[in-house]
Every structure is written in C-alpha cells, then in structure tokens.
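Inside the fold
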Amino acid sequence: MSLTLVQAWSAARKRLEAAGLDGPVIDARLLVEAACDATRADIVTDPHRPLTADQEARLDGFLQRRERREPVSHILGRKGFWKVMLRVTPDVLTPRPDSEAVVDFALKSYGEYERFSILDLGVGSGALILAILAERPAARGLGVDVSEEALAVARENAANLGLEPRCALLRGDWTAGLDGESFDLVVSNPPYIASEVIAGLEPEVRDYEPRLALDGGPDGLDAYRILAPEILRVLKPGGRFAVEIGYDQKTQVEALFQAAGAAAIRTLPDLSGRDRVVTGEKRPLERSA
C-alpha cells in the first residue's frame, strides 16, 4: 500500500532523526515536496494523497543522500535566500541566512528607485548582488569570482531572475584590473575560516562546499588583508561597503579597514545576534593616489 504525503513526511522525519541530523522536520518536508512534486499547502490540504512508486523511489534516494550528510540544497539544486530562489551546485557556497545581514544593510543604504552601482567580490551563486538588484530596479552591478564554475551558476541565476541586463559577471582575482573610484557599494562574503578549522566542520560544509570559498588562510583573515585597501580603492568617495565575517573576527577586520582609511566603521549582527558584517564608507574627500 502506498504511503500518503503526511505518512511520507513522518517517516522521512524519523529516518533523518535516526541518522542524527539537525532540522529533520524541515529537511524531511522539503525532500517530500521535491520528490512528490508537492507544495507545503498540499501536505496540509491533501495529506492523504498517495505517492506513486516513482515518487517513493525518488524520496528514498533523496533520503539516502541526506543520510550521507549531503546538503539539502545540493540534493534539490536550489536554495531560497532573502526573497529570491537560487540554483545551487557543489561549485558554490550554499547561501545562508547569516549573509542576509549584508543585503539588509545595502537595502537600508539606498532608496527603492535610487541609482547606484554594486560590486560583489567573490560572487559565488550571486546571492548577495542578485538579492539586492531584485529589490532596487535602478541599480546595476558587477560580480567577480575566480571560479568559472561559480560564475556559470551566477549567470544562470541572473537569467532566471531576469536580472542579466543589470548584472555583469566576470572572472577575476578580487579587484585586479578594476578602475579606482568606480562603485557606490561593495559587498563581499569572502572565505574566512582558518585553514586548520575546516577539518572539524560539520560534514555538510567540510565535504560538500568548495574549499576555495571557505579557506581564509592560517588565521582566516587572508582575504580581508587584500580586500580592505582594495575595496577603498574601487569605492567612489562617500561609497559604502559591507563584508561578511566570522563571528569572532570583528576586532581584527575592523582594524584592517581602519588602517586602510575607511570611515564610519561598525559591525552588524546576524539574525542570531552574532557579529557578522563589517560596514563602513570611503571618506567623501578621499582620493586614491
């Protein structure tokens, strides 16, 4: 006898709980929805809908992959971030709610129809720049990444969201080759995990996320040492920046931007209240040498 939607959800939850996974209720629901071509509303309004044999087999395959600690975002090939849905592959960092603090800062900094230019350094899936552009129709942006595979994902996401005309995506090494004083806003979620810590991360991150997007060098600060002066170089006078950091890196990253000459430096919390985003601006009268 076939499982129903609600039975499948309950069985999937128990299976993920038995595997010792965090968040089994949500993971189970997402996998059931994807395997059964169902929505959250379907599970509530039509809980006794029977699964087909193909749907049961697909769900079993999804659960086996999750039991091996493969992220749900990789199994489904997508992840919601802010107000956009993004394609996700093993070539990009899975967007996380922590990073939404960067988007929140950007949207509070510029009015809905204000014209401004954005640079996203280490663009990955395009999460930051695309979430901002989706809500600021007069803005335009450039995303840079050293990984051509990541750029392919970002280009697909830009196309799916109808943002291709306003979002250029280029392969590059941070700001190399970019002219000075070109952007109103620079955002970045650089690699910030200390190299020796990566081996101890949860398997979903350690085994499935691109190391290039994680490894911040011996103390996790390698990227910021490059970015602090370079972000100030490419910002227009009075322009703003927002960079994601590790929860314990506030003091060091603020000091790097202070040394680079940034003004109005402060650190914003994520949804959990942890230090997460260092922001600041280029002094209005400052000029690059």
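Since the model is a prediction, treat every value here as computed from it, not as a measurement.

Our next topic: the pattern of salt bridges. Applying the stated rule across the entire model yields 26 salt bridges. We note a salt bridge from Arg-233 to Glu-230, for which the minimum N-O separation is 2.9 Å. Linking Arg-233 with Glu-230, this pair stays in helix H10 (residues 222-234), spanning three residues, or about one helical turn. Under the relative-accessibility criterion, Arg-233 is labelled partly exposed at 25%.

Looking now at the pairing of strand E2 (residues 84-87). Residues in a regular strand point their side chains to alternate faces of the sheet. Because side chains alternate across E2, one face comprises the buried residues Val-84 and Leu-86, and the other comprises Met-85 and Arg-87, none of which is buried. The sheet contact formed by strand E1 (residues 78-81) and E2 spans four bridges and is antiparallel. Looking at the pairing, Phe-81 lines up with Val-84 of E2. The loop that links E1 with its antiparallel partner E2 comprises two residues; one of these, Trp-82, has a positive phi angle of about 55°.

Once that is clear, we can look at the sheet that holds strand E8 (residues 263-269). Strand pairs in the sheet, formed through backbone hydrogen bonds, run parallel or antiparallel to each other. Taken in spatial order, the seven strands of this open sheet run E5-E4-E3-E6-E7-E9-E8, and their pairing is mixed. Each edge of the open sheet carries a strand with a single partner, namely strand E5 (167-171) and E8. Sheet twist, expressed as the mean angle between neighbouring strand axes with direction ignored, is 15°. Note that strand E6 (residues 183-188) and strand E7 (residues 235-244) share five bridges and pair parallel. By the bridge assignment, Ser-188 is partnered in E7 with Val-243. This element, helix H6 (residues 100-109), spans E6, E7, E8 and strand E9 (275-281) of the sheet and lies at about 155° to E7. Across the sheet, helix H8 (residues 148-160) lies against strand E4 (140-145) and E5, angled at about 170° from E5, the strand it touches most.

By secondary structure assignment, the location of Glu-244 is in strand E7. Despite its burial, Glu-244 remains without a salt bridge, the nearest opposite charge being carried by Arg-276 at 4.5 Å. The contacts of Glu-244, once residues within four sequence positions are left out, are Asp-98, Ser-99, Val-102, Ser-188, Asn-189, Pro-190, Tyr-192, Tyr-224, Arg-276 and Val-277.

Another point: helix H2 (residues 24-36). For the α-helix, the turn length of 3.6 residues means that residues three or four positions removed from each other point alike. Taking 1.5 Å of rise per residue, the 13 residues of H2 would be expected to cover 18 Å, and the 18 Å separating its terminal C-alpha atoms lies within 8% of that figure. Burial runs high along H2: 10 of the 13 residues are buried. Of all the residues in H2, the buried ones are Pro-24, Asp-27, Ala-28, Arg-29, Leu-31, Val-32, Glu-33, Ala-34, Ala-35 and Cys-36. Asp-37 lies just past H2 and shows a positive phi near 50°.

We now examine the environment of Glu-149. Positionally, Glu-149 belongs in helix H8. Here Glu-149 falls in the partly exposed class, since its relative accessible area comes to 45%. Each C-alpha atom of the pair Glu-149 and Asp-275 lies 30 Å from the other, and the pair is 126 residues apart in sequence.

Any two aromatic rings considered together are summarised by their centre-to-centre distance and by the angle between their planes. Evaluated as defined, the whole model comprises two aromatic pairs. Ring centres 4.1 Å apart and planes at 15° place the aromatic pair Tyr-110 and Phe-116 in the stacked group. Ring centres of Phe-241 and Phe-257 lie 4.3 Å apart, and the angle between their planes is 15°; this geometry places the pair in the stacked category. Of the two residues, Phe-241 sits in strand E7 while Phe-257 sits in helix H11 (residues 250-260), which places them 16 residues apart along the sequence. Judged by its relative accessible area of 0%, Phe-257 is buried. Here the basic side chain of Arg-240 rests over the ring of Tyr-110, its NZ or CZ set 5.6 Å away from the ring centre. In this arrangement the basic side chain of Arg-274 is found over the ring face of Tyr-247, its NZ or CZ atom lying 4.2 Å from the centre.

Criteria and cut-off values
- Within each chain, residue numbers correspond to sequence positions counted from 1 in written order.
- Only residues with pLDDT of 70 or above have their local features reported here, since the model is predicted, and side-chain atom pairs are shown and tallied only from 80 upward, although totals for entire chains, interfaces and linings are computed over all residues.
- Side-chain measures here rest on the full set of heavy atoms in the structure, leaving out hydrogens and waters.
- When a carboxyl oxygen of Asp or Glu is within 4 Å of a side-chain nitrogen of Lys or Arg, the pair counts as a salt bridge.
- Numbered from the N terminus, helices here are DSSP runs of H or I no shorter than four residues, and strands are runs of E no shorter than two.
- When accessible area is computed with a 1.4 Å probe and restricted to protein chains, residues below 20% of their type maximum are described as buried, those above 50% as exposed, and intermediate ones as partly exposed.
- Each pair of strands is called paired provided DSSP finds at least two bridges between the two strands.
- A fitted line through C-alpha atoms represents every axis, and for helices the fit uses only the stretch in contact; the resulting angles, taken between N-to-C directions, go from 0 to 180 degrees.
- Any two residues having at least one pair of non-hydrogen atoms within 4.5 Å are treated as being in contact.
- For the purpose of counting charges, residues Lys and Arg are taken to be positive, whereas Asp and Glu are taken to be negative. His and the chain ends are not included.
- To estimate the expected span of a helix, subtract one from its residue number and multiply by 1.5 Å.
- For Phe, Tyr and Trp, where Trp contributes only its six-membered ring, two rings pair if their centres lie within 6.5 Å, and the inter-plane angle classes them as stacked under 30 degrees, edge-to-face over 60, or tilted in between.
- Throughout this description, the term charge over a ring refers to an Arg CZ or Lys NZ atom that lies within 6 Å of the ring centre and within 35 degrees of the ring normal.

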